[in-house]
Amino acid sequence: MKIGSFELPNHLFVAPMAGVTDRPFRQLCKALGAGYAVSEMVTSRKDLWNSLKTSRRANHEGEAGPIAVQIAGTDAAMMAEAAAYNIDRGAQIIDINMGCPAKKVCNKWAGSALMQDEALALQIVEAVVAACVPRGVPVTLKMRTGWCQTHKNAVALARAAESAGVQMVTVHGRTREQGYGGQAEYDTIAAVKAALRIPVVANGDITSPEKAREVLRRTGADALMIGRAAQGRPWIFREIAHFLATGEPLAPPLVVEVQRLLLEHLQDHYALYGEYTGVRSARKHIGWYVKALPGGEAFRAHMNTLEDCRTQVQAVADFFDELGVRMDRMPAAVMHTSDTQDEEHMELAA
Ligand SMILES: Cc1cc2nc3c(=O)[nH]c(=O)nc-3n(C[C@H](O)[C@H](O)[C@H](O)COP(=O)(O)O)c2cc1C
């Protein structure tokens, strides 16, 4: 699997998720079998580039390459400038976001709203390609199946993007109108795959190794992208890889391994965000790890009362010590894609 000249170790990707797939989480997913990760989207608005949020997103220190940065915006020249800015800061691949349904993004005519204006979408693609390709940086595109059920234009847009020089397309199998509701459909992704020569990545509702195999079969896609199912379960990538290679399920991880992974994750998280923000933003990750575990709900509530790194780390260590007395391995996966979280994402700013 290649993007431009970058050879990827496998075809299992972690999806960009604003507020989730920061550098520590991307690194963790890569260490546990994801072959590729894209950063959370960075706005094309220059006035926000120096904000703490954007500068954290543009920080790739120590991240295993290729470094892929997603940009979002509505103006072709600004998007080209944003691409160049991120290349100067280490981006080796630029991904254009035409998949995000967040209201704050779409109201400004960005994200998946762009799919409604193919001419503007193409102008953006052309401007970004012109800014990146002379510098040896491939451009990729992430989109949905279309604007709404009656306007599924993913095939037309993907074809035009390929002609304009885009080197990989990811399709989330929902329309913009669907948000995160209903179910992802894979026929449109299969149609995009059949229409293009460049690699096509299938995304949406891949929650288990069995589903991964099914989506590969139904779409013929070159790669799979996994988002929500990796939250609190970053080892899903090695589980899928093992199942695709052998047809056998991989045993769930040992409780002690998950304890170690989470404690390391927390240290990386605090290092990026500092104590105040780090402790608070780590709560959602901890909540996902423990959600399906015995006592997990009560522990989540307790976590919200802890306000410093030391007590948060100690509480997590104690929780998994106690769990380890009851069981050696984590229970087989229980899926938890939370509606609240998706609603929150709909409100997220770039
Ligand atoms: C909390 C959250 C944040 C997201 N942020 C982004 C984003 O910044 N850029 C993007 O292209 N998609 C974003 N998405 C969409 C995901 O990349 C992915 O397309 C979607 O979640 C479907 O995949 P899944 O069913 O495996 O989660 C986000 C999704 C969630 C749940």
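What you see is a predicted model; the values in this text were computed from it and never measured.

## Structural notes on the pairing of strand β8 (residues 139-146)
Now for step 1: Within β8, eight of the eight residues are buried, which leaves it mostly tucked inside the rest of the structure.
Now for step 2: Pairing geometry for strand β7 (residues 93-98) and β8, over five bridges, is parallel. By the bridge assignment, D95 is partnered in β8 with T140.
Now for step 3: Strand direction decides the pairing type here: β8 and strand β9 (residues 168-175), joined by six bridges, are parallel. Bridge pairing links G146 to T175 in β9.
Now for step 4: A crossover connection joins β8 to the parallel β9 through helix α6 (residues 154-163); in handedness this β-α-β unit is right-handed.

## Quick word on the sheet that holds strand β10 (residues 200-203)
Now for step 1: Strand order in this open sheet of nine strands is β4-β3-β11-β10-β9-β8-β7-β6-β5, and the pairing throughout is parallel. Of all the strands in the sheet, just β4 (36-37) and β5 (42-43) have a single pairing partner and so form its edges.
Now for step 2: The sheet contact formed by strand β6 (residues 68-72) and β7 spans four bridges and is parallel. Bridging from a neighbouring strand, Q70 pairs with D95 of β7.
Now for step 3: Along the sheet, α6 makes contact with β7, β8 and β9, crossing β8 at roughly 165 degrees.

## So, the confidence of the model for the chain
Now for step 1: Mean pLDDT over the chain: 91, with 91% of residues reaching 70 or higher.
Now for step 2: Contacts of residues 336-350 to residues separated by more than four positions or lying in other chains number 32 contacts, the stretch itself having pLDDT below 50.

Thresholds, definitions, all that
Residues numbered from 1 in each chain as written. Predicted model: local features only at pLDDT ≥ 70, side-chain atom pairs only at ≥ 80, totals over all residues. Heavy atoms only, no water. Buried < 20%, exposed > 50% of the residue type's maximum accessible area, 1.4 Å probe, protein only. Helix = DSSP H or I, 4+ residues; strand = E, 2+ residues; numbered from the N terminus. Pairing = 2+ DSSP bridges. Right-handed = clockwise from strand over helix to strand, strands pointing away. Contact = heavy atoms within 4.5 Å. Axes fitted to C-alpha atoms, helices over the stretch in contact; angles between N-to-C directions. pLDDT = per-residue confidence, 0-100.

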